[in-house]
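The residues making up each chain are set out below.
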Amino acid sequence: MTTQTNAQTAPKEKVVLAYSGGLDTSVMVKWLQTEKNLDVIAICGNVGQDAEDLEWVKQKAYDLGAIYAESLDMREEYAEEILTKAIAANGMYEDTYPLLSALSRPLIVKHLVDIAHKHGAKYVAHGCTGKGNDQVRFDTSIAALDPNLIVLAPVREWDLLTREQEMEWAAEHGVPVPTTAAKPYSIDDNLWGRAIECGVLEDPMNEPPADIWTMTVDPTEAPDEPEYFTVGFEAGKPVSLNGEQMPLLDLIIKMNELCGKHGFGRIDLIEDRVVGIKSHEVYECPASLALIKMHHDLETMCFDRNTIIYKHDVDQKWSTLVYDGMWYSQLKEALDAFCASTQKFVTGEVRAKLYKGSLTIVGRQSPYAIYDYNLATYGDEDTFDRSASAGFIKLYSLELQTWSRKQGPGSQLK
Ligand code: ARG
């Protein structure tokens, strides 16, 4: 008798859930209580998907029975700790996608793990499906930050396979059911852009319908006049817009608006997921694409030839690691250190022109530029010693001469 009473009052284990306030994760708040017998702590992180505060999300979690809920504004930390590194590495997966979803997960996980520690939770849960990259990133980041935490991904295990089944379960368990029709796309957005997938996009021959875009205007409807602007960088970090110094967070928000207004930042690609699926992905990334393009341009002024060529490989490796969920990993940390060391002299200004969906770089300057006017010019101020070239090329082609005599260019002439 006594034993039974004790069992009933024993404290439940806790789970910290990454909560968005949407249908899936709302069902999860209840599901984790009823199916897993856990106390739920719901955490909502604002990484720029919303300009307003997300207090309503916190309240909704409490209404669904969470024992604790918090809405965290992570935007500044996202810009300072994550996006600064992404810019330094010119982070672009498959040379095209600026990694917006891959970059936000490690930060969200950092907070989930912190909160799990604070509350003595044994479990962390997320709402990712079993087919995407985001589940990989949540799970790997949690594993890297605390290998003892147990990850729960309800969507991977529950049997609510259709939206109808999910809505039915929700209605039965007192979870508010959305009255609006399901959105035809899967969307993830934050400061670094917006990802759109599923629906009609699943046919790669389909042009994205006009109504999917929210950050960029249709380039044909963009202003008829081009707009020039300048971004200042200090040690690889964007610090000013048109001469006005501002925190990176504000600069990104302003750039999204400025570039989006001119229809710049749309991406449509066939992407290779970590889990072995090719998918048709559409993005709008006005600020991220612009800043990476301008940053890389300034690097071309400030790096020597070896560094330019070598860092391109490093940037690609960095991007693939981050895409693959290896933000917290040995190699990624080492590549960050390499990038940071190269950024020391990436200081200066880059000027660009926006016009009907395009961004063209039209000027750059740096006090540390390795570009040297007197060496480059064909005019009067030329200081380059042409007489040294003949000797240089003679030695440079010496081996070619020997090769030509012994073997000849052979099939290359056919
Ligand atoms: N394909 C992109 C990535 O893996 C975007 C994923 C966006 N997530 C989403 N639920 N729509 O980084």
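Everything that follows concerns the structure shown earlier in this document.
Now for a quick tour of the structure. (Residues numbered from 1 in each chain as written. Predicted model: local features only at pLDDT ≥ 70, side-chain atom pairs only at ≥ 80, totals over all residues. Heavy atoms only, no water.)

Now for unusual backbone geometry. One non-glycine residue, glutamate 94, lies in positive phi territory at about 50 degrees. Tracing the sequence through the fold places glutamate 94 in the loop between helix H4 (75–88) and helix H5 (100–119). Among the residues examined, glutamate 94 registers a relative accessible area of 33% and is labelled partly exposed. Despite not being glycine, leucine 99 has its phi angle at roughly 70 degrees, a positive value. As for its position among the elements, leucine 99 is in the loop between H4 and H5. When its relative accessible area of 0% is taken as the criterion, leucine 99 is described as buried. (Helix = DSSP H or I, 4+ residues; strand = E, 2+ residues; numbered from the N terminus. Buried < 20%, exposed > 50% of the residue type's maximum accessible area, 1.4 Å probe, protein only.)

With that out of the way, let us pick up the packing of helix H2 (residues 23–34) against helix H8 (residues 163–172). Viewed as axis vectors pointing N to C, H2 and H8 meet at an angle of 55 degrees, and their least axial separation amounts to 10 Å. Here H2 is positioned oblique relative to H8, judged by the angle of their axes. The two elements H2 and H8 cross, and the hand of that crossing is left-handed. Contacts between H2 and H8 involve Leu23, Asp24, Val27, Lys30, Trp31 and Thr34 from the former and Arg163, Glu166, Met167, Trp169 and Ala170 from the latter. Each residue belonging to the contact of H2 with H8 can be placed in one class, and the counts come to six nonpolar, one polar and four charged. (Axes fitted to C-alpha atoms, helices over the stretch in contact; angles between N-to-C directions. Parallel < 35°, antiparallel > 145°, perpendicular 65-115°, else oblique. Left-handed = near helix turned anticlockwise from the far one by under 90°. Contact = heavy atoms within 4.5 Å. Nonpolar A, V, L, I, M, F, W, Y, C, P; charged D, E, K, R; others polar.)

Within the secondary structure, threonine 360 sits in strand S14 (residues 358–365). On a C-alpha basis, the gap between threonine 360 and tyrosine 228 in space is 9.5 Å, while along the polypeptide they are 132 residues apart.

For the rest of this paragraph, the subject is the sheet that holds strand S9 (residues 237–241). Pairing is antiparallel across the open sheet formed by five strands, whose spatial order is S10-S9-S8-S13-S14. Unpaired on one side and paired on the other, strand S10 (244–245) and S14 mark the two borders of the sheet. Sheet topology places strand S13 (residues 348–355) next to S14; seven bridges connect them, and they run antiparallel. The residue of S14 that forms the bridge with leucine 354 is leucine 359. Sitting on the sheet, helix H9 (residues 248–261) touches strand S8 (227–234), S9, S13 and S14, and the angle it makes with S9 is about 65 degrees. (Pairing = 2+ DSSP bridges.)

Scanning the entire structure with this criterion turns up eight aromatic pairs. Ring plane angle 65 degrees and centroid distance 5.7 Å describe the contact between tyrosine 310 and phenylalanine 338, whose orientation is recorded as edge-to-face. Of this pair, tyrosine 310 sits in helix H11 (residues 305–323) while phenylalanine 338 sits in helix H12 (residues 330–343), and the two are 28 residues apart along the sequence. Plain terms: the ring middles of phenylalanine 392 and tyrosine 396 are 5.5 Å apart, the flat faces sit at 15 degrees to each other, and that makes the pair stacked. Linking phenylalanine 392 with tyrosine 396, this pair stays in helix H14 (residues 387–396), spanning four residues, or about one helical turn. Looking at tyrosine 396, the relative accessible area reads 62%, which means it is exposed. Each residue in the set Tyr93, Tyr97, Tyr283 and Tyr323 is aromatic and connected to the rest through ring pairs, giving one cluster. Across the ring face of tyrosine 323, the terminal group of arginine 137 is positioned such that the distance to the ring centre comes to 4.8 Å. Of note, lysine 332 hangs over the ring of tryptophan 327, and the distance from its end group to the ring centre comes to 3.5 Å. (Phe/Tyr/Trp six-rings, centres within 6.5 Å; stacked < 30°, edge-to-face > 60°. Lys NZ or Arg CZ within 6 Å of the ring centre and 35° of its normal.)

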